Amino acid sequence: MTEAEQKINSFLVDVFNDVLRLEEDDLAKGPYKNLSVSEMHVLEAVDSAAGGETMRELAARLRVTASTLTVAVKTLEQKGYLVRSRAEEDRRRVTVTLTGAARGALERHAAFHEKLVDRVSRRLTPAQMDQLADTLAALHGFFTAIQ
């Protein structure tokens, strides 16, 4: 690995771990202490589906097995964040919807991300922000393509 490649590798590992730690710390300090970061990401996925996806579709989008998602959803349902329901026309079709508590947790988590981005943007010029956004979009495209 070249020196530049080593720097990029270290950066990716460090940034991933830093963001994960910051998310964990924010959850632990707030009113949603009983949620893990991975549970929060499940809630975000359910929210973006707007109640229209089945458990199988949601699992595929999260890139987890149906059984892994079932365990997570059961836990979130017990904690009062999700409600599972079966479709009347096809009882095999299970969907999940957010509760009011989940919406509150998502609002707080979105505020955390806004604060994080705001702190970054205050340290960069508008041109640097544009370049960072373009570079991160390219990086995301790369990771999406190799999945």
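Residues numbered from 1 in each chain as written. Predicted model: local features only at pLDDT ≥ 70, side-chain atom pairs only at ≥ 80, totals over all residues. Heavy atoms only, no water.

Thoughts on the overall build of the protein
Phase 1 of the analysis: For the protein, the count of helices and strands is six helices and two strands.
Phase 2 of the analysis: Each helix and strand of the protein, placed in order from N terminus to C terminus, yields the pattern α-α-α-α-β-β-α-α.
Phase 3 of the analysis: With the principal axes as the frame, the protein shows a C-alpha extent of 55 × 35 × 25 Å.
Phase 4 of the analysis: Pairs at least 24 residues apart make up 48% of the contacts formed inside the protein by residues separated by at least 6 positions.
Phase 5 of the analysis: Within the structure as shown, the protein displays about 10100 Å² of accessible surface, and the carbon and sulfur contribution to it stands at 56%.
Phase 6 of the analysis: The distance from the centre of the 20 positive side-chain charges to the centre of the 22 negative ones in the protein is 6 Å. (Helix = DSSP H or I, 4+ residues; strand = E, 2+ residues; numbered from the N terminus. Contact = heavy atoms within 4.5 Å. Areas by Shrake-Rupley, 256 points an atom, 1.4 Å probe, with all protein chains shown as cover. Lys, Arg positive; Asp, Glu negative; His and termini not counted. Charge placed at Lys NZ, Arg CZ, Asp CG, Glu CD.)

Overview of unusual backbone geometry
Phase 1 of the analysis: Backbone geometry at R63 places phi at a positive 60°, although glycine is not the residue there.
Phase 2 of the analysis: Within the secondary structure, R63 is located in the loop between α3 (55-62) and α4 (66-78).
Phase 3 of the analysis: Accessibility expressed as a relative area gives 58% for R63, which makes it exposed. (Buried < 20%, exposed > 50% of the residue type's maximum accessible area, 1.4 Å probe, protein only.)

Examining α3
Phase 1 of the analysis: Within α3 the residues assigned to the buried category are M55, L58 and A59. Axial view of α3: buried residues confined to an arc of 100°, hence all on one face. The exposed set on the far side of α3, more than 90 degrees from its buried face, consists of R56 and A60.
Phase 2 of the analysis: Looking at the buried side of α3, the elements it contacts are α2 (37-49), α4 and β2 (94-98).
Phase 3 of the analysis: Just beyond α3, the residue with positive phi is R63, at close to 60°. (Arc of directions from axis to C-beta.)

Thoughts on a nonpolar patch on the surface
Phase 1 of the analysis: Together, V120, L132 and L136 make up a nonpolar patch on the protein surface, roughly 220 Å² of accessible area in all.
Phase 2 of the analysis: Position of L132 among the secondary structure elements: in helix α6 (residues 126-145). (Patch = residues over 30% accessible without salt bridge, like charges linked within 9 Å, V, L, I, M, F, W, Y side chains within 5 Å. Salt bridge = Lys/Arg side-chain N within 4 Å of Asp/Glu carboxyl O.)

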